[in-house]
Amino acid sequence: MKWILWSLGLLLCVLILLSFGVGRYPVPADTVVSILAAQIFPISAHWTPETEAVVLGIRLPRIFAAILVGAALSISGASYQGLFRNPMVSPGILGVSAGASLGAALAILLGYGMLGIQTLAFVWGLLAVGATWLIGNTLGKRGDPVLIMVLAGIIIGTLFTAFVSLVKFVADPYNTLPTITFWLMGSLASVDIPDLWLASPPILLGLGILIAFGWTLNVLCFGDEEAKALGLETGRLRFAIIFCATLVTAAAVAIAGIIGLVGLIVPHLARMLVGPDHRVLLPASALMGASFLLLVDNLARALFEVEIPLGIVTSILGAPFFLYLLSRSRKGWN
Amino acid sequence: MLEVQHLSCGYGQRTVLQDVSLQLHSGELMCLLGPNGVGKTTLFKTLLGLLPARSGNILLEGKATRHWSRKEFAQRVGYVPQAHTPPFPFQVQDVVAMGRVAHLGVFSAPKTPDLLIAEQALETLGITHLAKASYTEISGGERQLVLIARALAQQPKLLVMDEPTSNLDYGNQLKVMAHVRQIAEEQNIGILLTTHYPNHALLYGTQVLALDRNLGYRLGSPADVITEDYLQHTYQVAVEIHEISRRDGHATRLCIPGY
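Residues numbered from 1 in each chain as written. Chains lettered and ligands numbered in written order. Predicted model: local features only at pLDDT ≥ 70, side-chain atom pairs only at ≥ 80, totals over all residues.

1. Describing the overall build of chain B
Next, step 1: Secondary structure summary: chain B contains nine helices and 12 strands in total.
Next, step 2: The C-alpha atoms of chain B give 19 Å as radius of gyration, which agrees with the globular expectation for 259 residues (18 Å, within 12%).
Next, step 3: For chain B, with 259 residues in total, the buried portion stands at 42%.
Next, step 4: Within chain B, residue pairs in contact and separated by at least 24 positions form 66% of the contacts whose partners lie at least 6 positions apart. (Helix = DSSP H or I, 4+ residues; strand = E, 2+ residues; numbered from the N terminus. Rg over C-alpha atoms; globule rule 2.2 N^0.38 Å. Buried ≥ 20, exposed ≤ 12 C-beta atoms within 10 Å, placed from the backbone. Contact = placed C-beta atoms within 7 Å.)

2. A short note on the nonpolar core
Next, step 1: Formed by 176 residues in total, the largest nonpolar core has its most connected members in Val69, Ala72 and Ala252 of chain A together with Ala149 and Ile191 of chain B.
Next, step 2: Per element, the largest residue contribution to this core is 17 residues, and it comes from helix H3 (residues 49-83) of chain A.
Next, step 3: Lining this core are residues from two domains, each supplying at least three of them: domain 1 (1-76 + 156-226) and domain 2 (86-154) of chain B.
Next, step 4: Contact partners of Ala252 of chain A, with chain neighbours within four places excluded, come to Leu68, Val69, Ala72, Leu73 and Ile203 of chain A. (Core = buried A, V, L, I, M, F, W, Y, C linked by C-beta atoms within 7 Å. Domains from an automatic or database assignment.)

3. Observations regarding the interface of chain B and chain A
Next, step 1: Between chain B and chain A, the residue contacts involve 24 residues of the former and 26 residues of the latter.
Next, step 2: No other element matches the three residues that helix H2 (residues 70-74) of chain B contributes to the side of chain B that touches chain A.
Next, step 3: Along the lines of polarity and charge, the residues of the side of chain B that touches chain A split into 16 nonpolar, five polar and three charged. (Nonpolar A, V, L, I, M, F, W, Y, C, P; charged D, E, K, R; others polar.)

4. Regarding the UniProt feature "domain: ABC transporter" (unreviewed entry) in chain B
Next, step 1: Mapped onto the present numbering, the UniProt feature "domain: ABC transporter" (unreviewed entry) falls on residues 2-238 of chain B.
Next, step 2: Split by type, residues 2-238 of chain B is 35% helix and 24% strand. Its first and last C-alpha atoms lie 35 Å apart. (UniProt positions renumbered as here; feature names shortened; annotations may be inferred.)

5. Looking at the packing of helix H4 (residues 112-124) of chain B against helix H5 (residues 140-153) of chain B
Describing two packed helices takes the angle between their axes plus the distance from one axis to the other.
All names here are of chain B.
Next, step 1: At a minimum axis distance of 8 Å, the contact between H4 and H5 shows a crossing angle of 135°. Classified by the interaxial angle, the pair formed by H4 and H5 is oblique. Like other packed secondary-structure pairs, H4 and H5 cross with a definite hand, here right-handed. Mapping the contact onto sequence places Ile117, Ala118, Ala121, Leu122 and Thr124 in H4 and Ala149, Leu152 and Ala153 in H5. (Axes fitted to C-alpha atoms, helices over the stretch in contact; angles between N-to-C directions. Parallel < 35°, antiparallel > 145°, perpendicular 65-115°, else oblique. Left-handed = near helix turned anticlockwise from the far one by under 90°.)

6. Focus on the sheet that holds strand S9 (residues 207-211) of chain B
Residue and element names in this part refer to chain B.
Next, step 1: The strand order S6-S7-S8-S3-S9-S10 describes an open sheet built from six strands, whose pairing is mixed. The sheet is open, and its two borders are formed by strand S6 (77-80) and strand S10 (217-220), each paired with just one other strand. Taking each pair of neighbouring strands and ignoring which way they run, the sheet shows an average axis angle of 15°.
Next, step 2: As judged from the four bridges shared by strand S3 (residues 29-33) and strand S8 (residues 190-194), these two strands associate in the parallel manner. Within the sheet, the bridge partner assigned to Leu29 lies in S8 and is Ile191.
Next, step 3: Across the sheet, H5 touches S6 and strand S7 (158-161), and the angle it forms with S6 is around 170°. (Pairing = 2+ DSSP bridges.)

7. So, the confidence of the model for chain B
Next, step 1: Taken as a whole, chain B shows an average pLDDT of 90; of its residues, 100% reach a score of 70 or greater.
Next, step 2: Per the prediction output, this complex has pTM 0.90; the corresponding ipTM is 0.90. (pLDDT = per-residue confidence, 0-100.)

8. Some remarks on the environment of Val146 of chain B
Residue and element names in this part refer to chain B.
Next, step 1: Tracing the chain through its elements places Val146 in helix H5.
Next, step 2: By the C-beta count within 10 Å, which is 25 here, Val146 ends up buried.
Next, step 3: Sequence separation between Val146 and Val96 is 50 residues, and the spatial gap between their C-alpha atoms is 6.6 Å.
Next, step 4: Filtering out sequence-adjacent residues up to four positions away, Val146 remains in contact with Val92, Val95, Val96, Ile127, Leu130 and Tyr135.

9. Here we look at the environment of Gly208 of chain A
Residue and element names in this part refer to chain A.
Next, step 1: Along the chain, Gly208 falls in helix H8 (residues 193-212).
Next, step 2: What makes Gly208 exposed here is the crowd of 11 C-beta atoms within 10 Å.
Next, step 3: Between the C-alpha atom of Gly208 and that of Pro283, which follows or precedes it by 75 residues, the distance is 9.2 Å.

10. Some details on the UniProt feature "transmembrane region" (unreviewed entry) in chain A
Next, step 1: On the UniProt side, "transmembrane region" (unreviewed entry) is annotated at positions that read residues 61-80, 92-115, 121-139, 146-167, 203-220, 240-266, 278-296 and 308-326 of chain A here.
Next, step 2: Helix makes up 100% of residues 121-139 of chain A and strand 0%. Its end C-alpha atoms lie 27 Å apart.

11. A look at the environment of Ala199 of chain A
All names here are of chain A.
Next, step 1: Mapped onto the fold, Ala199 is located in helix H8.
Next, step 2: With 47 residues separating them in the primary sequence, Ala199 and Ala152 have C-alpha atoms 27 Å apart.
Next, step 3: For Ala199, the contacting residues outside a window of four places in its chain are Leu68, Ala251, Ala254 and Ile255.

12. Notes on the sheet that holds strand S4 (residues 55-60) of chain B
Residue and element names in this part refer to chain B.
Next, step 1: As summarised here, the arrangement of the four strands in space is S2-S1-S4-S5, forming an open sheet in which the pairing is antiparallel. Looking along the sheet, the strands with just one partner apiece sit at the ends: strand S2 (14-24) and strand S5 (63-64).
Next, step 2: Of the pairings in the sheet, the one linking strand S1 (residues 2-11) to S4 comprises five bridges and is antiparallel in character. Each residue of the ladder has a partner; that of Leu2, found in S4, is Leu60.
Next, step 3: Against the sheet, helix H1 (residues 40-47) touches S1, S2 and S4, its axis set at about 120° to S1.

13. Points about the packing of helix H12 (residues 262-274) of chain A against helix H14 (residues 310-328) of chain A
Residues and elements named next belong to chain A.
Next, step 1: Orientation of H12 relative to H14, taken along the N-to-C sense of each, is 35°, at an axis distance of 10 Å. Where H12 crosses over H14, the handedness of that crossing is left-handed. Where H12 approaches H14, its residues Val262, Leu264, Ile265, His268 and Leu269 are matched on the opposing element by Thr314, Gly318, Phe321, Phe322 and Leu325.
Next, step 2: Taken together, the residues of the contact of H12 with H14 break down into seven nonpolar, three polar and no charged.

14. Thoughts on unusual backbone geometry
Next, step 1: Unlike most non-glycine residues, Arg85 of chain A shows phi in positive territory, near 50°.
Next, step 2: Accessibility expressed as a C-beta count within 10 Å gives 20 for Arg85 of chain A, which makes it buried.
Next, step 3: For His6 of chain B, which is not a glycine, the phi torsion comes out positive at approximately 45°.
Next, step 4: Within the secondary structure layout, His6 of chain B lies in strand S1.
Next, step 5: The class of His6 of chain B is exposed, set by 12 C-beta atoms lying within 10 Å.

See below:
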């Protein structure tokens with residue numbers, strides 16, 4: 001199984017190098033390598049300053065944003081699918097996306113800048129999941145806490161989506177409303193280096209902890225009572241895993257907006273490749289999610305004259321791909 | 001080893017069992033018998049600490065388990081649930097290794113000694129050949145054996161089994177029960193299991209706890225507890241109990257439907 005992870009890592013590296021060259025301003029691969037190497041080694045420039053600006057100023061942050069966001073959404077999707085023992089679950093199941101959308105919409109309505117939008121999106125994403133957690137934990141005392149948590153998440157998600165619509169309804173239709181609408185479509189086009197510095201600590205931290213929980217997640221797949229009888233403090237562990245998954249998703253949504261289906265599809269793809277053992281599945285999901293989103297983002301900016309928002313492309317490409325996966329897998333939905 | 005003192009248990013407002021006291025020693029096999037809905041599962045969940053006890057005490061090795069952590073508890077008590085299908089196709093050897101969780105930290109995975117213990121548990125139950133198979137693709141009887149192996153990998157002093165023979169065909173029922181008795185005798189583990197078959201209790205049990213419909217119970221040796229009278233009273237069917245001699249000369253009691 002180790003070699004599959006190494007191959008996935010290698011694939012990602014190749015994709016990264018290729019992605020620097022893709023776009024309306026094509027850059028040959030050797031120039032890309034030279035420009036990157038010149039940041040560390042003293043190499044005399046044989047390229048134009050414009051080329052360097054495109055590679056380092058525009059494509060570099062975008063590529064790393066795609067990697068971070070893809071890895072974040074996929075690993076939290078994989079963790080939730082294990083934790084909730086349900087392959088239909090996606091990272092937004094506890095309401096984080098709906099909460100982040102409301103935060104961003106409010107920030108745009110109030111005329112905040114980029115930093116304000118990202119901060120509010122992140123905070124409201126956490127708040128929404130916090131509300132779900134409280135409801136799930138209070139009502140879940142009797143009965144199946146996992147099921148109650150998922151149902152609470154669906155309700156909170158619906159509620160926050162209604163609030164988003166309310167914000168859109170009162171927003172200025174010529175100025176604020178389009179901004180909100182475009183933010184909700186999801187895109188990496190405006191990500192810059194400072195955004196990456198903000199988003200990467202929570203994402204990398206959550207990613208690391210979730211991967212360390214791999215074996216524990218395997219046991220939690222057997223349900224609350226069995227995991228307890230095997231010696232796990234399931235309540236605390238569920239909290240820790242939900243917290244980490246929410247942290248990475250909220251940070252990803254804050255810089256990229258709503259990017260659908262990645263967190264649902266990639267874990268399935270990874271499970272087909274490496275099996276259900278979360279010790280391998282979680283790192284594989286992160287690597288594949290990074291590659292997947294990088295690939296789709298390249299398509300989003302290279303396919304047509306006008307760039308299509310990434311969230312639209314992932315959904316349009318993802319839906320048929322997911323149906324194909326379903327027809328291939330013999331037992332996804334027990 | 002396990003001592004239950006005046007235990008009452010139930011859900012919400014409803015008390016299901018009242019004032020149950022029992023003792024179970026290592027190597028003993030206690031069968032828990034009773035019609036559907038009298039509280040066998042409730043008693044199990046309370047014993048396992050999954051439901052809080054209404055009143056009374058549960059002592060393990062002389063110490064009350066009320067404030068034990070899940071981990072401390074699982075190092076001593078293994079639970080074998082009814083066989084089920086989990087949503088993901090784990091390998092059998094991984095499922096058995098999950099029994100080691102109580103001996104590991106939350107961030108660590110089983111290491112070589114743990115895997116050896118898991119391997120040994122598979123061997124005890126004679127299913128080493130299933131190690132690499134997918135848990136979702138083996139038969140119901142095999143799955144039940146895997147769950148028993150997982151509980152053995154916990155290296156418990158006490159095993160609690162929830163209807164280990166339900167949904168199994170005749171051959172698998174006998175195999176599972178033979179393994180259960182063997183575990184009690186050879187590994188000196190105390191076993192508490194629920195069953196719907198009075199014959200299982202008569203054939204394999206060293207003690208029987210029979211719950212009846214009115215919060216009451218009887219506890220004692222199988223021959224004392226499982227009488228025609230008890231069965232007729234509790235299940236409202238006519239039953240005859242006969243003593244037969246086996247080919248090896250030992251006598252056994254069996255119950256059969258009466259007319």
